[in-house]
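What follows is each chain in one-letter form.
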Amino acid sequence: MIVKTPEQKKAVKQGMLSNVMRQFDNAADIIGLNANIRKILEVTNNELVVHFPVRMDNGEVEIFTGYRVQHNNSLGPYKGGLRYHPTVDIDAARALAMWMTWKTSLAGLPYGGAKGGIQLDPTKYSDEELQRITRRFTYALGDNIGPELDIPAPDVNTNPQTMAWILDTYMSTKSPAERSTNMHVVTGKPIGAGGSQGRDRATGYGVFLNIKFWAENKNIDLKDKRFIVQGFGNVGFWAAYFLEKEGASMVAVQDAYGSIINEEGISVDDLLAYTKANKGSIMGFSNAETLDNADFFGLDCDICIPAALGNVITSTNAPKIKAYLIAEGANGPTDVEAEEILLKRGVTILPDILCNSGGVIGSYFEWLQNRNGEIWQLDEVLEKLEKKLKESFTKVIETSAKREIDMRTAAFIIAIERLEETYVQRGIFP
Ligand code: NAD
């Protein structure tokens, strides 16, 4: 594990909230956002903190703290992931919930933004304990989540199995007649438990598609391009998988345990097979050498994909970055100071609210299928996903060119203008 001092951890958490607010302010200033609507969007609607007891395998009881922050639901039910990580707290949940509002708005979905999770290190608990923690957390959230109210999904250290436990717990609290109408209380479920084909790869595939759209726009061939990936979980793996299929080469990977490098390329499938047999860690993979974590972002490559945590690209490592394209698989990986440095140096950033929006679009498809009693095939899901992502990408690149601004600011402007229109048309109750 990469150990951070308490000061570093605090900086990461505070940084995420101040970053999202600064990104919002920047875009709101440019469009002259209506001052009253600005007041509404600057705050979160609801914030829930729950403390709940869970019996551990050794018979002792441990108390856990869980969060769910609901930022805004003017466009539809709240939507956003649940994260299990030591850095989860109210500020992190606020920041991530806000990003979800901009992301769903940009993607043209009928959703608002939320985020949450539990402050814990999941590597310290058995699967049985994680199941009890998840079920008890779901019970504590009660009817603050719901298929037409707030729909969680997987995030860091949560997965389809976690979603299946949430679904089962939530459904079990409903009357028999209502149970099957609650299938869409979470997305990212396993296929057998009401999940959708393609949801597993939706985020990483979306990251890849955004890179591809950008490369096509710039007449760049992705074949033989070198990329590095931070985070080899759901997002990092699938983004790497599709890039490798396109002929690009993964030269370095970093995860929570360390970094590895092979200038000749690391096989994405081989590394996945290795991590599955090695408790999720990339360390010790035979066809690569160990690299110092501090050298990772400065490696010689064309494309850099941060797909782990927030605030990892900072003013310290931004000047060293050699990639000309940063594709943000993670939420909030680049802080505002780093972005200024990178943009001045001519580096393009495909912003998180666009680049990783394939995940929430895939979740929307799962939600629709559950709601309508439909089951779509994989090719149908991927085709619809590509169409939606292309629409968003085109809007962002065109706004960026028209207004002569970076892609993040363009993406924020599109997202905020949609919300502004909704408030202007509906007015404020009463
Ligand atoms: P995951 O739990 O599947 O994988 C996380 C990966 O990050 C793991 O390989 C882990 O080892 C690595 N990691 C953790 N701490 C690290 C550290 N300090 N340094 C380097 N690597 C570290 O999570 P995921 O679902 O792939 O999510 C990754 C990022 O993508 C998060 O920021 C998440 O919010 C964002 N995201 C996920 C989805 C989704 O559908 N899962 C959608 C949109 C955005």
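Reading guide: rules and limits
Residues numbered from 1 in each chain as written. Predicted model: local features only at pLDDT ≥ 70, side-chain atom pairs only at ≥ 80, totals over all residues. Heavy atoms only, no water. Pairing = 2+ DSSP bridges. Helix = DSSP H or I, 4+ residues; strand = E, 2+ residues; numbered from the N terminus. Axes fitted to C-alpha atoms, helices over the stretch in contact; angles between N-to-C directions. UniProt positions renumbered as here; feature names shortened; annotations may be inferred. Buried < 20%, exposed > 50% of the residue type's maximum accessible area, 1.4 Å probe, protein only. Contact = heavy atoms within 4.5 Å. Expected span 1.5 Å × (residues − 1). Polar contact = N/O pair within 3.5 Å; in protein donor to acceptor, adjacent residues only side chain to side chain. Near = heavy atom within 4 Å. Areas by Shrake-Rupley, 256 points an atom, 1.4 Å probe, with all protein chains shown as cover. Nonpolar A, V, L, I, M, F, W, Y, C, P; charged D, E, K, R; others polar. Domains from an automatic or database assignment.

Asker: Looking at this structure, I do not really get the sheet that holds strand β4 (residues 112-118). What am I missing?
Answerer: What links the strands of a sheet is backbone hydrogen bonding, and the strands pair in either a parallel or an antiparallel sense. Taken in spatial order, the five strands make up an open sheet running β1-β2-β4-β3-β5, and their pairing is mixed. This sheet does not close on itself; its edge strands, each paired only once, are β1 (46-55) and β5 (150-154). Here the average twist between neighbouring strands, direction ignored, is 20°.

Asker: When you look at the UniProt feature "binding site: substrate" (unreviewed entry) in the protein chain in this model, what are you seeing that I'm missing?
Answerer: Per the UniProt entry, the sites bearing "binding site: substrate" (unreviewed entry) are Lys 79, Lys 103 and Ser 363 in this numbering. Considering the C-alpha atoms alone, the annotated residues occupy 285 residues of sequence yet fold into one spot, their largest mutual distance being 12.8 Å. Mapped onto the elements, Lys 103 comes out in helix α3 (residues 90-106). By relative accessible area, which is 4% here, Lys 103 ends up buried. The residues contacting Lys 103, other than those within four sequence positions of it, are Asn 331, Asp 352, Ile 353, Asn 356, Ser 357 and Val 360. Looking at where Ser 363 falls in the secondary structure, it is placed in helix α12 (residues 358-372). Of the residues examined, Ser 363 reaches a relative accessible area of 1% and is grouped as buried. Here Ser 363 is in contact with Lys 79, Tyr 111, Ala 153, Thr 187 and Arg 199, once residues within four sequence places are set aside.

Asker: I would appreciate a short explanation of the UniProt feature "active site" (unreviewed entry) in the protein chain in the present structure.
Answerer: With numbering aligned to this structure, UniProt lists the feature "active site" (unreviewed entry) at Lys 115. Turning to its location among the elements, Lys 115 is positioned in strand β4. By relative accessible area, Lys 115 is classed as buried at 2%. In this view, Lys 115 contacts Tyr 67, Arg 68, Val 69, Gly 80, Gly 81, Ala 93, Leu 96, Ala 97, Met 100, Asp 155 and Asn 331; residues no more than four positions away in its chain are not counted.

Asker: Would you explain the sheet that holds strand β12 (residues 348-350) in this entry?
Answerer: With mixed pairing, the seven strands of this open sheet are ordered in space as β9-β8-β7-β6-β10-β11-β12. At either margin of the open sheet sits one strand with a lone partner, and together these are β9 (289-291) and β12. Adjacent strand axes in the sheet meet at a mean angle of 20°, parallel and antiparallel pairs treated alike. Sheet analysis places strand β6 (residues 226-230) next to strand β10 (residues 303-306), joined by four bridges and oriented parallel.

Asker: What am I meant to see in the side chain of Ser 392 here?
Answerer: Tracing the backbone shows Ser 392 in helix α13 (residues 378-403). Not counting the four nearest positions on each side in its chain, Ser 392 is found in contact with Leu 106, Ala 107 and Leu 354.

Asker: I would appreciate a short explanation of helix α14 (residues 407-426) in the present structure.
Answerer: Three- or four-residue spacings in an α-helix give side chains the same orientation, since the helix completes a turn every 3.6 residues. Helix length check: α14, at 20 residues, gives a terminal C-alpha distance of 29 Å against a target of 28 Å (1.5 Å per residue), a fit within 8%. Most of α14 sits out of view: 14 of its 20 residues are buried. The N-capping residue of α14, defined by a side-chain oxygen 3.1 Å from the backbone nitrogen of Arg 408, is Asp 406. Directly beyond the C-terminal end of α14, a positive phi value near 75° is found at Gly 427.

Asker: How should the site of the ligand be read in this particular structure?
Answerer: Neighbouring the ligand are 24 residues, the closest being Asp 155, Asn 157, Thr 203, Ala 308 and Asn 331. Interatomic distance of 2.7 Å between a backbone N/O atom of Asn 157 and an oxygen atom of the ligand. The contact in question runs from an oxygen atom of the ligand to an N or O atom on the backbone of Ala 308, over 2.7 Å. Considering the ligand on its own, with 830 Å² of exposed area, one finds that the protein chains cover 89% of that surface. For the shell around the ligand, the secondary-structure elements that each account for two or more residues are α7 (199-217), α8 (234-245) and β7 (249-255). Partitioning the shell around the ligand into residue classes produces ten nonpolar, ten polar and four charged. Of the residues that make up the shell around the ligand, three or more belong to each of domain 1 (44-178) and domain 2 (198-396 + 406-429).

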